[in-house]
Amino acid sequence: MNTSAFTAFAAEPFPTIRPGDDLATAITTTLTGQGAGLRDGDIVVIASKVVSIAEDRHRDLSTVTPGPQARELAARTGKPAGIVQLILDESSDHFLATERGPIIARHHLGYQLTSAGIDRDGPDGAWLLPEDPDASARRLRDALTTSSGATVAVVIADSDGRADRRGATVISIGAAGITPLRVSERTEPGGRTRHQEETLTDLVAAAAGLILGQRGRGAPVAVLRGITYQPGDEGVAAMLHHAPKRQP
């Protein structure tokens, strides 16, 4: 199932999202306003921060009391101690990519992310990741499909750094309507069949990242059209090595 070409466009001008806002309605309204309704097979890629804002995942740093480990890490990395404490609270383990950071943490959800995926909100606040990004993606997918009549997939994307290099890329942290792993087969000499897995939702997130506004552009939603994928609701958690157990 290969993709030979696809198109991508931002949903803009996108309104400012506040806690409690209906994100799916904002997406549908914006796309309608620009004459770009959704079609069957479209993948709607949404920046994780705007999902966190709509779900009110805000933390006031005045309510966070840094412990000794957070204060020590803050001194080494230059990060505010309250932010470092949140990183520790949201993760199971961590390491520094260099002597002075960044802090690479394994989030309780199973992702390995810079700063546990926490975004600063000015000097006094921070945004945590959505509580369950796959569940958030399913809710958004259902709402978008209902409002548009089109069968679409949703990928929630997060900007993230890598421990081995400078700069940020974009990865998927939630998905619905699209199987996260793409498996291809290759026959080797001697007739042995080898299976190769690709993290398809990460490839989708990275493609959308070229136009998403997570680093200041201001367009938190993109639509990718023409990508071949297998529908599925396993979510990004299905491809993690350390995924948490889902509650019954």
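Participant: How do you make sense of the overall build of the protein chain when you look at a structure like this?
Facilitator: Within the protein chain one finds 6 helices and 13 strands. The C-alpha atoms of the protein chain give a radius of gyration of 19 Å, which matches the 18 Å a tight globule of 248 residues would have. Principal-axis analysis of the C-alpha atoms places the extent of the protein chain at approximately 55 × 50 × 40 Å. The buried share of the protein chain, taken over its 248 residues, is 46%. Sequence-distant contacts in the protein chain: of pairs separated by 6 or more residues, those separated by 24 or more amount to 60%. Carbon and sulfur atoms make up 48% of the accessible area of the protein chain, which totals about 12,800 Å². The protein chain carries 26 positive and 30 negative side-chain charges, and their two centres are separated by 5 Å.

Participant: Is there a simple way to think about helix α1 (residues 23-33) in this case?
Facilitator: A turn of α-helix holds 3.6 residues, and therefore any two residues three or four places apart point the same way. Where α1 is concerned, the buried positions are L23, A24, A26, I27, T30 and L31. For α1, the buried positions fall inside an angular range of 160° around the axis, keeping them on one side. Summarising the geometry of α1, the exposed residues directed more than 90 degrees from the buried face are T29, T32 and G33. The inward-facing, buried residues of α1 contact β1 (7-10), β2 (43-47), α2 (48-54), α5 (133-148) and β13 (221-225). Structurally, the start of α1 carries an N-cap: the backbone nitrogen of A24 is 3.2 Å from a side-chain oxygen of D22.

Participant: In this structure, what is going on with the confidence of the model for the protein chain? I would like to understand it.
Facilitator: Low pLDDT marks stretches whose predicted atomic positions should not be read closely. Looking at the protein chain as a whole, its pLDDT mean stands at 92, while 96% of the residues score no less than 70. Between the elements of the protein chain, mean pLDDT differs from a low of 80, seen in strand β11 (residues 181-187), to a high of 98, seen in strand β3 (residues 58-60).

About the cut-offs
- Residues numbered from 1 in each chain as written.
- Predicted model: local features only at pLDDT ≥ 70, side-chain atom pairs only at ≥ 80, totals over all residues.
- Heavy atoms only, no water.
- Helix = DSSP H or I, 4+ residues; strand = E, 2+ residues; numbered from the N terminus.
- Rg over C-alpha atoms; globule rule 2.2 N^0.38 Å.
- Buried < 20%, exposed > 50% of the residue type's maximum accessible area, 1.4 Å probe, protein only.
- Contact = heavy atoms within 4.5 Å.
- Areas by Shrake-Rupley, 256 points an atom, 1.4 Å probe, with all protein chains shown as cover.
- Lys, Arg positive; Asp, Glu negative; His and termini not counted.
- Charge placed at Lys NZ, Arg CZ, Asp CG, Glu CD.
- Arc of directions from axis to C-beta.
- Polar contact = N/O pair within 3.5 Å; in protein donor to acceptor, adjacent residues only side chain to side chain.
- pLDDT = per-residue confidence, 0-100.

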